[in-house]
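# Report on the structure
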Amino acid sequence: MGVVEMNIWQFALIYLLLIVVLVIMKKAKIDQTKLLLLASFRMTVQLVLAGLVLTYILGNPHPLFTVAYIVAMTSFATIRVLRKNRDLNRKFKIAIGLSLAGAGTLIVFFFVQIVVGMDFFNPQYTIPLSGMIFGNAMTGLTLALKTFSENLKSQRARVESLLYIGVTPKKILIPFVNNALETALLPTMNSMLGMGIISLPGMMTGQILSGTLPMTAILYQIAIMIAITTVVCLAVFSALYFGYQTLYNDRNQISI
């Protein structure tokens, strides 16, 4: 039995749930009504447009379409991360972009080509899997960079004191890198802990709804969670490892 298709009126009913959110927000005096409405509207428009594009690509599969979609996905993810970290220097930003693109593409290629055994340019597999992998890498990087920057700024006096007594910038900054990496990995690992008992993940639920055997859906879900954990770790570590080295000069002065 395949998935039950919703008509437009059935689909429209889901927006009634937003009224519940708005009522609670008003009761709690949370002044974010415009943000909720804007986010809901943008999500709807963006996903509908993505659906139209994917419908065309899946109906007319071509390697160029797959590559173009991945490039666009990578570019938007990188822009999103950099917008939240405008104060970083140019070399640090380049490290972030290359780390996100490189780690994401590498993990997607391994997953699709090696694990699943499909052609990397097959849009049916590569595009949706890329969305999950690049999306989580983007979230992990954003969280890690926020943690790294805030910790560095809050401990400016300590950093300057360590420099004054002769501690090298590398020894000072590496603990900040390690802490940010741990912070980025924790949400994914905590999600893995409760998976299957507390929650059924979106990918697995979607596959079951579409008629896929539960065990097949479970294998895919386990595989994608390991891939997500790996891409977050790889992207965050490489971005911060190469990025932190741009924060100090030959005279061991750190720019915070």
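Residues numbered from 1 in each chain as written. Predicted model: local features only at pLDDT ≥ 70, side-chain atom pairs only at ≥ 80, totals over all residues. Heavy atoms only, no water.

### Remarks on the pattern of salt bridges
Following the criterion strictly, the structure yields two salt bridges and no others. Lysine 146 is the partner of glutamate 150 in a salt bridge, and the nearest nitrogen-oxygen pair spans 3.0 Å. With glutamate 150 and lysine 146 both in helix α6 (residues 123–154) and four residues apart, the pair spans about one turn of that helix. A residue is classified by how much of its surface remains accessible, and glutamate 150, at 44% relative accessible area, is partly exposed. (Salt bridge = Lys/Arg side-chain N within 4 Å of Asp/Glu carboxyl O. Helix = DSSP H or I, 4+ residues; strand = E, 2+ residues; numbered from the N terminus. Buried < 20%, exposed > 50% of the residue type's maximum accessible area, 1.4 Å probe, protein only.)

### Topic: the packing of helix α4 (residues 63–83) against α6
The relative placement of two packed helices is expressed as an angle between their axes plus a distance between the axes. At their nearest, the axes of α4 and α6 sit 10 Å apart, and the two run at 15 degrees to each other. As summarised for this structure, α4 and α6 are arranged roughly parallel, according to the angle between their axes. In terms of crossing hand, the pair formed by α4 and α6 is right-handed. Packed against α4, whose contacting residues are Thr66, Tyr69, Ile70, Met73, Thr74, Ala77, Arg80 and Val81, the element α6 presents Pro123, Thr126, Ile127, Ser130, Gly131, Phe134, Met138, Leu141, Thr142 and Leu145 at the interface. (Axes fitted to C-alpha atoms, helices over the stretch in contact; angles between N-to-C directions. Parallel < 35°, antiparallel > 145°, perpendicular 65-115°, else oblique. Left-handed = near helix turned anticlockwise from the far one by under 90°. Contact = heavy atoms within 4.5 Å.)

### Remarks on the layout of surface pockets
When its volume is computed, the largest pocket comes out at roughly 1,900 Å³. Lining the largest pocket we find 37 residues, and of these Gln46, Leu47, Ala50, Tyr69 and Gly131 sit closest to its centre. At the level of secondary structure, the elements contributing two or more residues to the lining of the largest pocket comprise α3 (33–59), α4, α6, α9 (202–209) and α10 (214–244). Counted by class, the lining of the largest pocket contains 26 nonpolar, eight polar and three charged residues. (1 Å grid on protein atoms, 1.4 Å probe; cavity = no way out; pocket = protein on both sides within 12 Å on 5 of 7 lines; lining within 4 Å. Points joined across faces, edges and corners; volume = space filled by probe spheres on them. Nonpolar A, V, L, I, M, F, W, Y, C, P; charged D, E, K, R; others polar.)

### Comments concerning the environment of proline 61
Inspection of the secondary structure assignment puts proline 61 in the loop between α3 and α4. Residue proline 61 is classed as exposed on the basis of its relative accessible area, which comes to 54%. A sequence separation of 21 residues divides proline 61 from serine 40, and the C-alpha atoms of the two residues are 30 Å apart.

### Brief notes about the packing of aromatic side chains
Summed over the entire model, instances satisfying the criterion amount to nine aromatic pairs. Ring plane angle 55 degrees and centroid distance 5.5 Å describe the contact between phenylalanine 109 and phenylalanine 120, whose orientation is recorded as tilted. Note that phenylalanine 109 is positioned in helix α5 (residues 90–116) and phenylalanine 120 in the loop between α5 and α6, a separation of eleven residues in sequence. Assessed through its relative accessible area of 11%, phenylalanine 120 is described here as buried. Here phenylalanine 120 and phenylalanine 121 contribute two aromatic rings whose centre-to-centre distance is 5.4 Å and whose plane-to-plane angle is 75 degrees, an arrangement assigned as edge-to-face. Classification of phenylalanine 121 as partly exposed rests on a relative accessible area of 34%. (Phe/Tyr/Trp six-rings, centres within 6.5 Å; stacked < 30°, edge-to-face > 60°.)

### Some remarks on the nonpolar core
One finds Phe92, Ile96, Leu141, Phe148, Val236 and Leu240 to be the most contacted residues of the largest nonpolar core, which totals 46 residues. Among the elements that line this core, the one with the most residues is α10, at eleven residues. (Core = buried A, V, L, I, M, F, W, Y, C linked by side-chain atoms within 4.5 Å.)

### Quick word on a nonpolar patch on the surface
There is a patch of nonpolar side chains on the surface, built from Met6, Ile8, Trp9, Phe11, Ile14, Leu17, Val20, Val21 and Ile24 and spanning about 970 Å² of accessible area. Where the nonpolar patch is concerned, the elements lending two or more residues are α1 (8–12) and α2 (17–27). A per-element tally of the nonpolar patch places α2 first, with four residues. By the element assignment, valine 20 lies in helix α2. Take valine 20: its relative accessible area is 47%, and that puts it in the partly exposed class. (Patch = residues over 30% accessible without salt bridge, like charges linked within 9 Å, V, L, I, M, F, W, Y side chains within 5 Å. Areas by Shrake-Rupley, 256 points an atom, 1.4 Å probe, with all protein chains shown as cover.)

### Some thoughts on the packing of α5 against α10
Interaxial distance between α5 and α10 falls to 8 Å at its minimum, and their mutual angle equals 155 degrees. By the criterion of interaxial angle, the relationship of α5 to α10 is roughly antiparallel. Every pair of crossing elements has a handedness; the one defined by α5 and α10 is right-handed. Of the residues that constitute the contact of α5 with α10, the class distribution is 19 nonpolar, five polar and no charged.

It is worth stressing that arrangement in space is one thing and function is another; only the former is reported here.
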